[in-house]
Amino acid sequence: MHRTCVGFVPVLSFMAVYCLSAVQALAADGGQPQPWQMGYQKAATPVMEHITSLHDFITWIMAGVVILVLGLLGYVAVRFNANRNPVPATFSHNVTVEVLWTLVPVLILISIAVPSFRLLYMMDKAQDAEMTLKVTGHQWYWSYEYPDHGGLSFDSFMKDGASLQSGEPRLLAVDREAVVPVGTTIRVLLTSEDVLHSWAVPSLGVKTDTMPGRLNETWIRIEKPGTYYGQCSELCGVQHGFMPIAVRAVAKKDFDRWVAAETAASGRGGENAVALNAH
């Protein structure tokens, strides 16, 4: 019996670590990783909320399977050992058991497949997108373009240590952030100029490859203002680890003011006026 109890120690440890990581994820500020964090970053989009929910659901299923299997092993080891059963049984089939160990895994897989497919379809493409953000990967920086706002575009590079301001995270802060409005469904189009990259922002539930000559699509809808950090997640060369991503979500009025300021600074004011008058 002592061995059976010992067998449950890893399970209890796992559950304790999982609960701790969940508490850490809820307590941590969203947008960037925290020291010793083990859970997901706090969700900032509906997609990431669904990803976190599915992860938690599957984790509990896994824990239940582990506990069940360990319990059965412990029961068999104690109940049917050589001392208690010097003459073993000679049967080789049990219809009830065979039906159960076929149906139960099938039901488990179905319970996982249904929300998984629902999430995949949800993540696929934006429904009724209100604006578009185009992302282009380069070795080793990102370019952002706003096709719905006069073609406003700029490049985004990682800040070096000497350029960091107070509170900015090392290796994640950039000189120019992608600015988007909160509460807005945004279609994100992604491509690359040279090699494969991957635009990944954990809090937004986004990790989409950028490929030369191909346009991929995803979407985001950020519900709370803040700055959300990510990194290139596809090995793309010697400076792969120095391609951070920073997305700053602001109120819609602040976004409009930012677009106006950036447009004026880039000398596109006249072009935008002509485009608006044409419409």
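Residues numbered from 1 in each chain as written. Predicted model: local features only at pLDDT ≥ 70, side-chain atom pairs only at ≥ 80, totals over all residues. Heavy atoms only, no water.

**Quick look at the environment of Phe242**
Mapped onto the fold, Phe242 is located in the loop between strand S9 (226-232) and strand S10 (244-250). What makes Phe242 partly exposed here is its relative accessible area of 37%. Spatially, the C-alpha atoms of Phe242 and Phe157 are 8.6 Å apart, while their sequence positions differ by 85 residues. (Helix = DSSP H or I, 4+ residues; strand = E, 2+ residues; numbered from the N terminus. Buried < 20%, exposed > 50% of the residue type's maximum accessible area, 1.4 Å probe, protein only.)

**A few points about the pairing of strand S1 (residues 131-138)**
For S1, the tally of buried residues reaches seven of eight residues, placing the bulk of the element in the interior. Pairing of S1 with strand S5 (residues 186-192), which is carried by seven bridges, proceeds in the parallel orientation. By the bridge assignment, Gly137 is partnered in S5 with Ser192. As judged from the five bridges shared by S1 and strand S2 (residues 141-146), these two strands associate in the antiparallel manner. Its bridge partner lying in S2, Thr136 is registered against Ser143. Joining the antiparallel neighbours S1 and S2 is a turn of two residues. (Pairing = 2+ DSSP bridges.)

**A short note on the sheet that holds strand S4 (residues 178-181)**
Spatially, the five strands line up as an open sheet ordered S4-S10-S9-S6-S7, and their pairing is mixed. Here the strands that pair on one side only, and so sit at the sheet edges, are S4 and strand S7 (206-210). For this sheet, the mean inter-axis angle between neighbouring strands, taken without regard to orientation, is 25°. Two strands pair when backbone bridges link them, and strand S6 (residues 197-201) and S9 are joined in this way by two bridges, in the antiparallel orientation. Considered in S9, the bridge of Trp199 is made with Cys232. This element, helix H4 (residues 252-265), spans S4 and S10 of the sheet and lies at about 140° to S4. (Axes fitted to C-alpha atoms, helices over the stretch in contact; angles between N-to-C directions. Contact = heavy atoms within 4.5 Å.)

**Structural notes on the sheet that holds strand S8 (residues 216-220)**
Read from one edge to the other, the open sheet built from five strands follows the order S3-S2-S1-S5-S8, with strand pairing classed as mixed. For this open sheet the edge positions go to strand S3 (152-156) and S8, each flanked by a neighbour on one side alone. Averaged over neighbouring strand pairs, the angle between their axes works out to 25° when direction is ignored.

**With respect to unusual backbone geometry**
The linkage connecting Gln139 with the following residue, Trp140, adopts the cis geometry, with an omega of 0°. By secondary structure assignment, the location of Trp140 is in the loop between S1 and S2. With a phi angle near 70°, Leu171 is a residue other than glycine that sits in the positive phi range. Secondary-structure assignment places Leu171 in the loop between S3 and S4.

**Thoughts on the pairing of S2**
Within S2, five of the six residues are buried, which leaves the element mostly enclosed by the surrounding structure. Inspection of the sheet shows S2 paired to S3 by five bridges, in the antiparallel sense. Of the residues in S3, the one forming a bridge with Trp142 is Ser156.

**Concerning the layout of surface pockets**
A volume near 380 Å³ is recorded for the largest pocket. If you list the elements that add at least two residues to the lining of the largest pocket, you get helix H2 (46-79) and helix H3 (95-124). Counting residues per element, the lining of the largest pocket draws most heavily on H3, which supplies six residues. Grouping the amino acids of the lining of the largest pocket by side-chain chemistry returns ten nonpolar, one polar and no charged. (1 Å grid on protein atoms, 1.4 Å probe; cavity = no way out; pocket = protein on both sides within 12 Å on 5 of 7 lines; lining within 4 Å. Points joined across faces, edges and corners; volume = space filled by probe spheres on them. Nonpolar A, V, L, I, M, F, W, Y, C, P; charged D, E, K, R; others polar.)

**Concerning the nonpolar core**
Grouped together as the largest cluster of nonpolar side chains are 33 residues, with contacts concentrated most on Tyr144, Tyr146, Trp199, Leu204 and Ile222. In terms of residues, this core owes the most to one element, S10, which gives four residues. Residues in contact with Tyr146, not counting those within four places in the same chain, are Met131, Thr132, Leu133, Gly151, Leu152, Phe154, Ala178, Val179, Phe255 and Trp258. The next biggest cluster of nonpolar side chains, apart from the first, holds seven residues, and it includes Val47, Met48, Leu54 and Trp219. (Core = buried A, V, L, I, M, F, W, Y, C linked by side-chain atoms within 4.5 Å.)

**Overview of the pattern of salt bridges**
Taken as a whole, this structure holds seven salt bridges when the rule is applied. Between Glu177 and Arg248 there is a salt bridge; the shortest N-O distance is 2.6 Å. With Glu177 in the loop between S3 and S4 and Arg248 in strand S10, this pair connects stretches of sequence that are 71 residues apart. We classify Arg248 as partly exposed; its relative accessible area is 29%. Measuring nitrogen to oxygen at the nearest pair gives 3.4 Å for the salt bridge that ties Glu223 to Arg221. Taken together, the salt bridges that share partners define one network made up of Glu130, Arg221 and Glu223. (Salt bridge = Lys/Arg side-chain N within 4 Å of Asp/Glu carboxyl O.)

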